[in-house]
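Listed below are the residues making up each chain.
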Amino acid sequence: MNHINHIRNMYHTKYLISGKTNILPQKNIYQKLILRNLGILSANTKKNILTKRYKFTVAKTVDNKEIVKEHKYEFGLHNFSNVNLYTSRTHTCNQLRTEDCGKSVILCGWVEYIRLNRFIILRDGYGSTQLIIPENASAELYDLVDKIPLESVLMCYGSVKLRPINEINKNQATGMIEVIVDKLQLLNAVDTKLPFQLRKFNKANESLRLKYRYVDLRYPEMQYNLRLRSKLLMKMRQFLIDHREFVEVETPTLFKKTHGGAQEFIVPTHEKGKCYSLVQSPQQLKQMLMVGSIDRYFQVAKCYRDEGAKSDRQPEFTQLDIEMSFTDQNGVMLLIEELLSFIWPSELGKINTPFLRMSYEEAMLTYGSDKPDIGCSTKISNWTKYMSNASNEVFALVLKNSENKLTKKQENYLKTLISTNYPDVKFSLLNIKSIKTFKENLLKIFNGIDAVAVLDDDNISEHDLVAIACGSKYKAVKGFHYDLVLNGSEVGGGSIRIHDANLQTKVIESILNIPVETISHLVEALKSGCPPHGGIALGIDRLLSILCNTNSIRDVIAFPKTFEGKDLLTGAPAEITTEDMKRYHLKFDNIEKT
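Predicted model only: the values in this text are computed from it and were never measured.

The next point concerns unusual backbone geometry. Cis geometry marks the peptide bond from Thr353 to Pro354, where omega comes out at -5°. In this chain, Ala572 is followed by Pro573 through a cis amide linkage whose omega measures 0°. Mapped onto the elements, Pro573 comes out in the loop between α16 (540–547) and α17 (578–583). The phi angle at Asn404 is positive, at roughly 65°, despite the residue not being glycine. Relative to the elements of secondary structure, Asn404 occurs in the loop between β16 (393–399) and α11 (408–421). Judged by its relative accessible area of 47%, Asn404 is partly exposed. Unlike most non-glycine residues, Asn549 shows phi in positive territory, near 60°. One can find Asn549 in the loop between α16 and α17.

This part is about the nonpolar core. Formed by 38 residues in total, the largest nonpolar core has its most connected members in Leu240, Leu320, Ile322, Leu339 and Leu340. Mapped onto this core, the elements with two or more residues apiece are α7 (220–243), β13 (316–325), α9 (329–343), β19 (481–486), β21 (533–539) and α16. Leave out the neighbours within four places in its chain, and Leu339 touches Met236, Phe239, Leu240, Leu320, Ile322 and Leu538. Core analysis: the second largest hydrophobic core is formed by 22 residues, Val105, Leu131, Leu141 and Tyr142 among them.

A few words on the environment of Lys371. One can find Lys371 in the loop between α10 (360–367) and β15 (381–382). Judged by relative accessible area, Lys371 falls into the partly exposed class, the value being 35%. Distance from Lys371 to Asn487, taken between C-alpha atoms, is 8.4 Å for residues 116 residues apart in sequence. Contact partners of Lys371, with chain neighbours within four places excluded, come to Val485, Gly488, Ser489 and Glu490.

Sheets are built from strands that pair by backbone hydrogen bonding, the pairs being arranged parallel or antiparallel. Here four strands make up an open sheet; going across it, the order is β15-β16-β18-β17 and the pairing antiparallel. Of all the strands in the sheet, just β15 and β17 (426–431) have a single pairing partner and so form its edges. The pairing of β17 with strand β18 (residues 465–471) spans six bridges and is classified as antiparallel. Opposite Lys426, over in β18, you have Cys470 as the bridge partner.

Another point: the packing of aromatic side chains. Evaluation of the coordinates by the stated rule reveals two aromatic pairs. Where Tyr212 meets Tyr214, the ring centres are 6.2 Å apart and the plane angle is 85°; that geometry is what we call edge-to-face. Classification of Tyr212 by relative accessible area gives partly exposed; the value is 23%. A relative accessible area of 46% places Tyr214 in the partly exposed class. Here the aromatic rings of Phe239 and Phe342 are separated by 5.4 Å at their centres, their planes lie at 40°, and the arrangement is tilted. Placement of the pair is Phe239 in helix α7 and Phe342 in helix α9, with a sequence separation of 103 residues. Across from the ring centre of Tyr219, 4.3 Å away, lies the NZ or CZ of Lys203, which sits over that ring. Directly above the aromatic system of Phe563 lies the positively charged group of Arg554, at a separation of 4.5 Å from the ring centroid.

Conventions used here
- Residues numbered from 1 in each chain as written.
- Predicted model: local features only at pLDDT ≥ 70, side-chain atom pairs only at ≥ 80, totals over all residues.
- Heavy atoms only, no water.
- Helix = DSSP H or I, 4+ residues; strand = E, 2+ residues; numbered from the N terminus.
- Buried < 20%, exposed > 50% of the residue type's maximum accessible area, 1.4 Å probe, protein only.
- Core = buried A, V, L, I, M, F, W, Y, C linked by side-chain atoms within 4.5 Å.
- Contact = heavy atoms within 4.5 Å.
- Pairing = 2+ DSSP bridges.
- Phe/Tyr/Trp six-rings, centres within 6.5 Å; stacked < 30°, edge-to-face > 60°.
- Lys NZ or Arg CZ within 6 Å of the ring centre and 35° of its normal.

Below, the structure written as structure tokens:
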């Protein structure tokens, strides 16, 4: 088993890269845009008035790093030297800094907030900037600002000034400057009542946010998550192609139903009685690529499974699919260590390699899980060694200072669950009120156990809770499989494949109990000269969810499905027309006629 070292601080700080945009002469852009006769309103502000208002001496300087530390969703995702090419703006709403003071700028974005009919917070996908309407602006401009609905789209022409020292906003990346408005253009006014306002507090419930995802995407968190996703996928491709000579191959999503795996989505065709199936993974296809001498393959693959959604699962999901010829377990593991080291976001700190490796047996015996969070999990103790002539194995979990933490209802539920699923296991829960009583109870349960050694070795004391399980150890059919685990979540899994056709046939028929005819294409491929090969698939959505510290993978997917697999934005899945049912030879029971 492959295991990434626990990342203790997932509440990370992101850092900013500031820069100047000098690729296009800003004055020329400004003049050309003015000449477009777009009906832009002018503030009619005299230069000497602005100069007089902002002629003050700053008594002390404010450290930019302090602002950076407090601005959670901004860091070096953006290369601002190129982000404004081919657009009408000169800067983004997160780009301006103190060194830009005096510049004439053009900003475009959404109206996030208006205060006193003069202060406007303009936001785009990169951040936000404060705009100020001058006191002597035209009545027409003031009237426009008064009537602009929030979240409308604006273009602002203005000049950058330092904020007065007592008005600096340390919670805003651009909080040391503001833009004095010269002209405004309303590009598109909100023409409907938005379902919710974009505020950090009192967020709308997830169902409403998913229904109006195009509004929800404007949240800084969603902007950060999706932009980080794009960067990581780019770096994955960069590492695999430029540094390791892999070939990206796109495989079809319309495939043949795979027996014995996860439940698949069926896609009817106009040919009566025949269907495609959406692939649950490109497994068979990538193995055939190995036969075809594409010896280093990868793909950012869309996969589909007709299963119930969970916080870390979707009916359609993305995985980084990798396969190599002439490799072994160590080769695949080393590749993944180097890949993750290459793509790891710098704001999360350096990732330590090699990753901790443990066998499935060690993980289960030590943590009781094949995907343990080794930084937080309490280790399981093997008490068999304290028993004389033990016929079964005894394991215990000591929870410090947890006496009476479980209610009677919870205890009964746990005991019922274990007795139902593991009828041969003897299970006990002991709340330690006194050490003497605990020893007596322990000897009643396990005659001949060395209670003194148990207490000393596990540092058991009063007010602890001890869970004890006694039974025969499970014996497993072993293979060359491996999983990648991060913070208690499985983010990748793979194996060294079977490349011998005879052995594969035996596994298909005798172990999986699948008719070999249904997968004859793979068997025939293995007979055609297949090299030894193996691979792995990383769950992109799950990995990003952990890196972004989200509660659900839905927060790192642009347009996800709900728990029930529904698309609230469009209403899918939806009924089809009678014509479509005829074309695809379908007949549904219990549907309302439309």
